[in-house]
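# Inside the fold
What follows is each chain in one-letter form.
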Amino acid sequence: MDLGAITKYSSALHAKPNGLILQYGTAGFRTKAEHLDHVMFRMGLLAVLRSKQTKSTIGVMVTASHNPEEDNGVKLVDPLGEMLAPSWEEHATCLANAEEQDMQRVLIDISEKEAVNLQQDAFVVIGRDTRPSSEKLSQSVIDGVTVLGGQFHDYGLLTTPQLHYMVYCRNTGGRYGKATVEGYYQKLSKAFVELTKQASCSGDEYRSLKVDCANGIGALKLREMEHYFSQGLSVQLFNDGSKGKLNHLCGADFVKSHQKPPQGMEIKSNERCCSFDGDADRIVYYYHDADGHFHLIDGDKIATLISSFLKELLVEIGESLNIGVVQTAYANGSSTRYLEEVMKVPVYCTKTGVKHLHHKAQEFDIGVYFEANGHGTALFSTTVERKIKQSAEQLEDKKRKAAKMLENIIDLFNQVADRRVISTTNAERQAVTPPGLQEAINDLVKKYKLSRAFVRPSGTEDVVRVYAEADSQESADHLAHEVSLAVFQLAGGIGERPQPGF
Ligand code: G16
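Note that the structure is a prediction, hence the values are computed from the model and not measured. (Residues numbered from 1 in each chain as written. Predicted model: local features only at pLDDT ≥ 70, side-chain atom pairs only at ≥ 80, totals over all residues. Heavy atoms only, no water.)

For the rest of this paragraph, the subject is the pattern of salt bridges. Taken as a whole, this structure holds 28 salt bridges when the rule is applied. Lys447 is the salt-bridge partner of Glu482, the closest N and O atoms lying 2.8 Å from each other. You can see Glu482 sitting in helix α16 (residues 473-491) and its partner Lys447 sitting in the loop between α15 (437-446) and β17 (452-457), a full 35 residues away along the chain. Close ionic contact of Arg465 with Glu461 constitutes a salt bridge, the shortest N to O distance being 2.9 Å. Judged by relative accessible area, which is 11%, Arg465 ranks as buried. Three or more residues are tied together by salt bridges with common partners; here these are Lys75, Asp279 and Asp281. (Salt bridge = Lys/Arg side-chain N within 4 Å of Asp/Glu carboxyl O. Helix = DSSP H or I, 4+ residues; strand = E, 2+ residues; numbered from the N terminus. Buried < 20%, exposed > 50% of the residue type's maximum accessible area, 1.4 Å probe, protein only.)

Dropping the structure here:
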């Protein structure tokens, strides 16, 4: 590898704007698309080093997910389809921020620290969302990969979960599934169709779903996979990208934070509806009841439904396994109480970011994790998978049916997972700085019944997020407003619409 030549190539074609500093945040780098060319090139280089070190395929996803259309971003996917290891996130930040003349030194430092064998082959797979800037930016990633001698496969337009799946399949010799979009559709649809056949519900209302695709990749991919599901599900797509702007007045983030349906979707009472986000790795469900009231089934409720269903099936087959639920500080207090007190399921709280929840969920036989915003999945340990497979073969009648359902559920889950003046502790539930902020929040919380509030700097946008819950919508809104004012006074005024919970 001629690092000198790489550095020259970088300054000629992918030069870093002087002084621009970015951080590998909650889900990789995110900012305005026009600032990202050098970051993409360098993440191509980094993916090659990580691939050489792990002797595995590494994934690179070009997306800014729920952020506005003008933004873009990039995240690296580790060999088992997981988020990049924390020590490599630090390398990513160093490499992205190195001035051109320092790049060679940073590449050598990373290679030495991580004992990368530079003679090892490297393979990188790349996916991108539908943003206008994504195609060009993914070419810059490819440039970085090839200039360092890596091989690559460009999947083009993909959802983020699909890219995680491809990486996992390629590194497990095809045992998990075929590393193609058809392989993905076949695996998921087979499990889903079997599961719906086994489920006791019947009738068309259970088989139809209105889907808000946030004007993003979800629409394209759902169209491709529709016929695979035709026996089990009929979908009607809205905000499919033909007119509207990505994530604008639609998508999971809009529905969750405004607690109302997206624009562009008519809902009749009791119709089943859901929303994706821009790269289709979040989902929230909702419906209007007969009185026209809006009901949201967000990540907290999804986790509760999934864990109750799994518990029922396990009781049926006579297995008592260790199920745990992982949430973040955004989880509504009532959902945590319900899980712990009624369902007797232990609940753990981690920092925001799928990577933190995923890690914790791996400690259980079955770990169900969901962020309130609709990111999540369920993880099954290999021992549990084996036990369930055996039960499905050996048990009889009702028990066998329950075990078969569990087997299909395992296949259905794709298991793979300035504002900085505010710093936090205790899974981001308490502010450490600026001084006085936490005390102010504590005082405000005392004024309302069953209330809770916290603030944290976002890791994907240049905002401070404010969360508040109380025993009524009105109190939650008041509390959120007062906490925002405290942030404004004590931290210097950069906030976003508070997220109320009640
Ligand atoms: C990303 C992460 C999520 C996180 C969200 C918001 O989602 O993958 O785990 O909840 O950002 O993070 P923050 O509050 O730090 O901005 P996405 O859908 O944008 O990739």
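Okay, back to it.
By convention here, two paired aromatic rings are described through the distance between centres and the angle between planes. Going through the model one piece at a time under the given rule, you end up with 13 aromatic pairs. Ring centres 5.3 Å apart and planes at 70 degrees place the aromatic pair Phe192 and Phe229 in the edge-to-face group. With a gap of 37 residues between them, Phe192 in helix α7 (residues 181-198) and Phe229 in the loop between α8 (217-225) and β7 (234-238) connect regions that are remote in the sequence. Grouping residues by exposure puts Phe192 and Phe229 together as buried. Aromatic side chains Tyr330 and Tyr467 sit 5.8 Å apart centroid to centroid with 80 degrees between the ring planes, which places their arrangement in the edge-to-face category. Per residue, the accessibility class of Tyr330 equals that of Tyr467, and both read buried. Taken together, the aromatic side chains of Tyr165, Tyr168, Tyr176, Tyr184, Tyr185 and Tyr228 make up a single cluster linked through ring pairs. The lysine or arginine in question, Lys187, covers the ring of Tyr176, its NZ or CZ lying 4.0 Å from the ring centre. Over the ring of Tyr348 we find Lys360; its NZ or CZ atom is 4.6 Å from the centre of that ring. (Phe/Tyr/Trp six-rings, centres within 6.5 Å; stacked < 30°, edge-to-face > 60°. Lys NZ or Arg CZ within 6 Å of the ring centre and 35° of its normal.)

Next up on the list: the site of the ligand. Not every one of the 20 residues close to the ligand is listed here, only the nearest: His66, Ser458, Gly459, Thr460 and Arg465. The contact in question runs from an oxygen atom of the ligand to an N or O atom on the side chain of Glu371, over 2.6 Å. Computed on the free molecule, the ligand has an accessible area of 470 Å², of which 98% lies beneath the protein chains in the complex. Class assignment for the residues of the shell around the ligand results in two nonpolar, 10 polar and eight charged. (Near = heavy atom within 4 Å. Polar contact = N/O pair within 3.5 Å; in protein donor to acceptor, adjacent residues only side chain to side chain. Areas by Shrake-Rupley, 256 points an atom, 1.4 Å probe, with all protein chains shown as cover. Nonpolar A, V, L, I, M, F, W, Y, C, P; charged D, E, K, R; others polar.)

This part is about helix α10 (residues 299-317). The end-to-end C-alpha distance of α10 is 27 Å, a good match for the 27 Å that 19 residues give at a rise of 1.5 Å each. Taken together, the buried positions of α10 are Gly299, Asp300, Ile302, Ala303, Thr304, Ile306, Ser307, Leu310, Leu313, Leu314 and Ile317. Looking one or two residues beyond α10, the residue adopting positive phi is Gly318, at roughly 75 degrees. (Expected span 1.5 Å × (residues − 1).)

Moving on: the packing of α15 against α16. One way to put it is that α15 packs onto α16 with a least axis distance of 10 Å and a crossing angle of 160 degrees. In terms of their interaxial angle, α15 and α16 are classed as roughly antiparallel. In the packing of α15 onto α16, the handedness of the crossing is right-handed. Residues Leu437, Ala440, Ile441, Leu444 and Val445 of α15 pack against Leu479, Glu482, Val483, Ala486, Val487 and Leu490 of α16. For the contact of α15 with α16, the class distribution of residues is 10 nonpolar, no polar and one charged. (Axes fitted to C-alpha atoms, helices over the stretch in contact; angles between N-to-C directions. Parallel < 35°, antiparallel > 145°, perpendicular 65-115°, else oblique. Left-handed = near helix turned anticlockwise from the far one by under 90°. Contact = heavy atoms within 4.5 Å.)

What follows covers unusual backbone geometry. In this model, Thr433 is joined to Pro434 through a cis peptide bond whose omega is -5 degrees. Tracing the sequence through the fold places Pro434 in the loop between β16 (430-433) and α15. Look at Asn239: it is not a glycine, yet its phi comes out positive at around 45 degrees. Inspection of the secondary structure puts Asn239 in the loop between β7 and α9 (251-258). Positioned with a positive phi, Glu428 is a non-glycine residue whose angle comes to about 65 degrees.

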